[in-house]
Amino acid sequence: MFEQKIKLSKLAIDEGDDTIQFQFDFFNGINSTSIDFYGYDDQFQNFAKELCTFPKNIDSEVIYELGEQGEKWAYYILVRVFCYENNGHTAIQIKIDNNSKEPFKSFCEFYILTVPASINKLGQLIKNWNPKIDKEIEWIAE
C-alpha cells in the first residue's frame, strides 16, 4: 500500500493578534490535497484529545471542521475519523473546498485507511505540538 500521511505546518504567525497561518497536507498514496488557513495555537487541542481516546465504541467518530461550503466562508475543511468495520478498521475522511468560483475552484474528497492505535498516535502528536515553537508535524498511517 502507498504511504498515507498528514502533515500540519505553521507558515507564519501574526504578532499583532497572535493568529497563525497553518497548512494541512493530506496524502493517501493516490490522492493529495493541501490548504492553508488561519487559527490559534490551541486550534487542534479538542480534536487531539478525542483522537487519543478513539474509538469509544464502534460508532465513534471524531470530527475537525472549519468553515462551511459556500460563498460565506473562504474555505471548508473536514477531517472525520470513523470505524468502517466492526474489527476497528478506521478511515479518515478528508474533504477540502476552497469555496472559489470557476476557474479557481478546488474541491477534493478522499480517505486515509488506518487502525485505531495509529489514530491515537496522531492525537498524541497533535496534542504535544506547539506551533509557536515547532514548524510542523507529520503523521504516517499504520
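Residues numbered from 1 in each chain as written. Predicted model: local features only at pLDDT ≥ 70, side-chain atom pairs only at ≥ 80, totals over all residues. Heavy atoms only, no water.

Asks: What should I look at first to understand the overall build of the protein in this one?
Replies: A count of helical and extended segments in the protein gives 2 helices and 8 strands. Along the protein, helices (α) and strands (β) appear in the sequence β-β-β-α-β-β-β-β-α-β when read from the amino end. Relative to the compact-globule value of 14 Å for 142 residues, the protein shows a C-alpha radius of gyration of 15 Å, a close match. Each principal axis of the C-alpha distribution contributes one length, and for the protein these read about 45 × 35 × 25 Å. (Helix = DSSP H or I, 4+ residues; strand = E, 2+ residues; numbered from the N terminus. Rg over C-alpha atoms; globule rule 2.2 N^0.38 Å.)

Asks: Would you take a moment to explain a nonpolar patch on the surface for this structure?
Replies: Side chains of Tyr-84, Tyr-111 and Leu-113 sit close together on the surface and give an oily, nonpolar patch of about 260 Å² of accessible area. As for its position among the elements, Tyr-111 is in strand 7 (residues 107–114). (Patch = residues over 30% accessible without salt bridge, like charges linked within 9 Å, V, L, I, M, F, W, Y side chains within 5 Å. Areas by Shrake-Rupley, 256 points an atom, 1.4 Å probe, with all protein chains shown as cover. Salt bridge = Lys/Arg side-chain N within 4 Å of Asp/Glu carboxyl O.)

Asks: For this particular structure, what's the right way to read empty space enclosed by the protein?
Replies: If you roll a probe as big as a water molecule over the atoms, it shows you where there is empty space left. Applying the stated criterion to the full structure yields 2 cavities of 30 Å³ or more. Surrounding the largest cavity, Ile-6, Lys-7, Leu-8, Phe-24, Leu-122, Leu-125, Ile-126, Ile-137, Glu-138 and Trp-139 form its lining. At the level of secondary structure, the elements contributing two or more residues to the lining of the largest cavity comprise strand 1 (5–13), helix 2 (116–127) and strand 8 (136–140). Roughly 30 Å³ of internal volume is contained in the second largest cavity. At the level of secondary structure, the elements contributing two or more residues to the lining of the second largest cavity comprise strand 2 (20–27) and helix 2. Here the residues of the lining of the second largest cavity sort into 7 nonpolar, no polar and no charged. (1 Å grid on protein atoms, 1.4 Å probe; cavity = no way out; pocket = protein on both sides within 12 Å on 5 of 7 lines; lining within 4 Å. Points joined across faces, edges and corners; volume = space filled by probe spheres on them. Nonpolar A, V, L, I, M, F, W, Y, C, P; charged D, E, K, R; others polar.)

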